[in-house]
Amino acid sequence: MLRRGTLRTTTWSPGRRRALAGASAAVVCLGAALGACAGAGGGGGHVAVGGAGRPGPVDARPTGSVTMVPLDGPGGGGTTPPGTTGSPPGTTGTPPAGAGSGPDPARADGSPVPSTPGPPSPNGSSTGMGTGADDGRTTHTPAPPAPAPAPTTPAALSWGAPVTADGDQRWCQEVTVSFRNSGGTAVRSGSVTFGTHVIGALGIDWSTVRTSEALPVPIGAGARTDHTWTVCLDAWRVPLGMHIETRDVAVQWK
């Protein structure tokens, strides 16, 4: 058994339709903002767009003007949450020293700031950072050791046979002797002793008289020298008709 009733039809005016669309748009924008905040974590957030129970998308574009307001960032008027530096996760607010991946910094007038040269590397080039001071790692080639001095040998003096010549008097004679030092040290002092023989008219050796003279020093190592002395005896030792001959030479040196 059916009851008769009255069917009421609601008629929407254009003004009420626009108000309903504006309220729907505000709800959608608020849901999008909440979804973006929820998606700032490790994973991404998702916002469902569309009416529940209706198949297909719903046009939720605003009908009026929209003003974009930045949430945060330099000059945006926003605030930075405590404990953050405003940099992307995993980075610090200050770029590392020596980073050259970005453009060179500029001054307020737009000109680039010159970079500071770095300390020189061992091969003479600059590393690009630092003040250029020596870091103390410079290596030096050691000088070769000086050769050991040769051992010094004592003086070794040798001499030859005397070479004689007649003097102005029969009791005087010119005697020349050659000396050579073959040692490694110079001869500093010494004396020469001459053996002078008195010879008679018939060639008889009557006596031998010895006289001494100073050695011509110094005689350097490896040096050779000749020296001449005038050797004289007492006149009474050489009577008329006799003469002298210097035949022997003895040397003392040190």
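Refer to the structure printed above.
Throughout what follows, the structure given in this document is the object of discussion. (Residues numbered from 1 in each chain as written. Predicted model: local features only at pLDDT ≥ 70, side-chain atom pairs only at ≥ 80, totals over all residues. Heavy atoms only, no water.)

### Quick look at the overall build of the protein chain
Thinking step 1. On a plain count of helices and strands, the protein chain comes out with 1 helix and 7 strands.
Thinking step 2. If you list the helices and strands of the protein chain from N to C, you get α-β-β-β-β-β-β-β.
Thinking step 3. Across the 254 residues of the protein chain, 13% fall into the buried class.
Thinking step 4. Excluding contacts between residues fewer than 6 apart, the proportion of contacts in the protein chain whose partners are at least 24 apart in sequence is 59%.
Thinking step 5. As displayed, the protein chain has an accessible area near 19,700 Å², and 58% of this comes from carbon and sulfur atoms. (Helix = DSSP H or I, 4+ residues; strand = E, 2+ residues; numbered from the N terminus. Buried < 20%, exposed > 50% of the residue type's maximum accessible area, 1.4 Å probe, protein only. Contact = heavy atoms within 4.5 Å. Areas by Shrake-Rupley, 256 points an atom, 1.4 Å probe, with all protein chains shown as cover.)

### As for the state of the cysteines
Thinking step 1. Counted by the stated rule, this structure contains 1 disulfide.
Thinking step 2. Disulfide partner of Cys172: Cys232, at an S-S distance of 2.1 Å. Where Cys172 bonds to Cys232 through sulfur, the torsion about that S-S bond is close to 115 degrees, and the disulfide is right-handed. With Cys172 in strand β3 (residues 172-181) and Cys232 in strand β6 (residues 224-232), this residue pair connects regions lying 60 residues apart in the sequence.
Thinking step 3. Residue classification places Cys172 among the buried positions, given a relative accessible area of 13%.
Thinking step 4. Among the residues examined, Cys232 registers a relative accessible area of 36% and is labelled partly exposed. (Disulfide = S-S within 2.5 Å.)

### Some points on the packing of aromatic side chains
Thinking step 1. In total, this model carries 2 aromatic pairs according to the counting rule given.
Thinking step 2. Ring plane angle 85 degrees and centroid distance 6.2 Å describe the contact between Phe179 and Trp229, whose orientation is recorded as edge-to-face. Highlighted residues: Phe179 in strand β3 and Trp229 in strand β6, separated in sequence by 50 residues. Considered together, Phe179 and Trp229 belong to a single accessibility category, that of buried residues.
Thinking step 3. Three or more aromatic residues link up through ring pairs in this structure, and these residues are Phe179, Phe194 and Trp229. (Phe/Tyr/Trp six-rings, centres within 6.5 Å; stacked < 30°, edge-to-face > 60°.)

### Topic: the pattern of salt bridges
Thinking step 1. In the structure shown here, the tally under the stated rule is 2 salt bridges.
Thinking step 2. Arg237 is the partner of Asp234 in a salt bridge, and the nearest nitrogen-oxygen pair spans 3.7 Å.
Thinking step 3. A residue is classified by how much of its surface remains accessible, and Asp234, at 41% relative accessible area, is partly exposed.
Thinking step 4. A residue is classified by how much of its surface remains accessible, and Arg237, at 35% relative accessible area, is partly exposed. (Salt bridge = Lys/Arg side-chain N within 4 Å of Asp/Glu carboxyl O.)

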